Amino acid sequence: MINIIMAEHAGFCFGVRRAVNAISDALNNNNNVWTIGLPIHNPQEVARLESLGLHVADNAGGIPSGAKVLIRAHGESLSVMESLKARNIEVIDMTCPFVRKAQDMAANLSRENYYVILLGDKNHPEIKGILGHVIDNKNVEVIADESEAEKVSYHAKIALISQTTQREERLAKVTGILTRKSSELHVCNTICKATSERQQAARELVRNNHVDGVILIGGRESANTGKLRDIIESEGVNVLWIEEPEELNANSQWLNNKNMVGIAAGASTPEWLIDKVINNIAAKKVVKGV
Ligand code: SF4
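Residues numbered from 1 in each chain as written. Predicted model: local features only at pLDDT ≥ 70, side-chain atom pairs only at ≥ 80, totals over all residues. Heavy atoms only, no water.

Draft legend 1. Fine view of the sheet that holds strand 7 (residues 140–143). Here 4 strands make up an open sheet; going across it, the order is 7-6-8-9 and the pairing parallel. Two strands close off the open sheet at either side, each with one partner strand: strand 7 and strand 9 (184–188). Each adjacent strand pair in this sheet contributes to an overall mean axis angle of 20°, direction not counted. Sheet topology note: the strand 6 (residues 115–119)/strand 7 ladder contains 4 bridges and is parallel. Residue Leu118 lies in a different strand from strand 7, and its bridge partner there is Val142. Strand contacts of helix 4 (residues 97–111): strand 6, strand 8 (157–162) and strand 9, with the helix running at about 170° to strand 8, the strand carrying the most contacts. The sheet strands contacting helix 7 (residues 168–179) are strand 6, strand 7, strand 8 and strand 9, and the helix crosses strand 8 at an angle near 170°. (Pairing = 2+ DSSP bridges. Helix = DSSP H or I, 4+ residues; strand = E, 2+ residues; numbered from the N terminus. Axes fitted to C-alpha atoms, helices over the stretch in contact; angles between N-to-C directions. Contact = heavy atoms within 4.5 Å.)

Now the structure itself:
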């Protein structure tokens, strides 16, 4: 029998749990509940919510008037929020408070004439939402990494704001580079604790235990799950990233010759899905640190 050891922090973070609970509550009272885009980066949990009656629109224009819309944890731009209000659509705002902090900093610092640099993925909804809070859209840019930070031109005042799922090491390196690009650099560490806790727990899982590999459970589109994979691989440990429990069973080849396997999970992975994976591989949970 395979023994498994769980990362100390794995699965739903505070912001995602709060949004999913709010969707479930809203669906209990009303079946005309919508989100703009997928509520979380986990197809199985989205399917469960849709089976309870949730509707997902591609954009704000797709929400019918008279509906209730729940703003997901990633947040939205000011223009989207205003367009919903103008159409009398009832809004339940479940923007995660950590994302809200980044949005507010972007708004306040751009108002104070800082050139705003967002460190993150320009295609991610959270970054699009934060971008939509910057007052002057000519004084902002999104950079992905250190090499893009090197290309930033000089500005008298720069405000650096990170995507909440960013790696701390990258924020530190980019801060070092931007110090040379401005005489006044304001760094906002908006990396949320849930993200750094999951990253640290993944690191400790492989450093403190003799694991033969790690099963990483999370949606393929989940940025924070991707970062967990990078961290585990950088420790020289083999990772199997799965999205659905059915991708693995007790006879799967990946489990051959493995005695102790770690389990890590992204912040949008529900607990029921982690339990299903453990059941599928008929594994025995061992206490952390054993
Ligand atoms: S990862 Fe952090 S910022 Fe993002 S939803 Fe979860 S708690 Fe909020």
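Now that the structure is up, let's keep going.
Draft legend 2. How the structure looks around the side chain of Gln103. Considering the arrangement of structural elements, one finds Gln103 in helix 4. If near-sequence neighbours (up to four positions away) are discounted, Gln103 is found in contact with His74, Gly75, Glu76, Thr95, Gly129, Ile130 and His133.

Draft legend 3. Quick peek at the pairing of strand 1 (residues 3–6). The two faces of strand 1 match: Asn3 and Ile5 on one face and Ile4 and Met6 on the other face are all buried. Bridging between strand 1 and strand 12 (residues 260–265) involves 4 bridges; their strand directions are parallel. In the sheet register, Met6 faces strand 12, and the bridge partner there is Ile263. (Buried < 20%, exposed > 50% of the residue type's maximum accessible area, 1.4 Å probe, protein only.)

Draft legend 4. Quick peek at the sheet that holds strand 2 (residues 33–36). The 4 strands are arranged 3-2-4-5 in an open sheet whose pairing can be described as parallel. Edge positions in the sheet fall to strand 3 (55–57) and strand 5 (90–93), since each of these pairs with one other strand and no more. Pairwise comparison of adjacent strand axes, ignoring direction, gives a mean angle of 30° for this sheet. In this sheet, strand 3 lies alongside strand 2 in parallel orientation, the contact comprising 3 bridges. Within strand 3, the position partnered with Ile36 by the bridge is Ala57.

In short, shape yes, function no, at least from these values alone.
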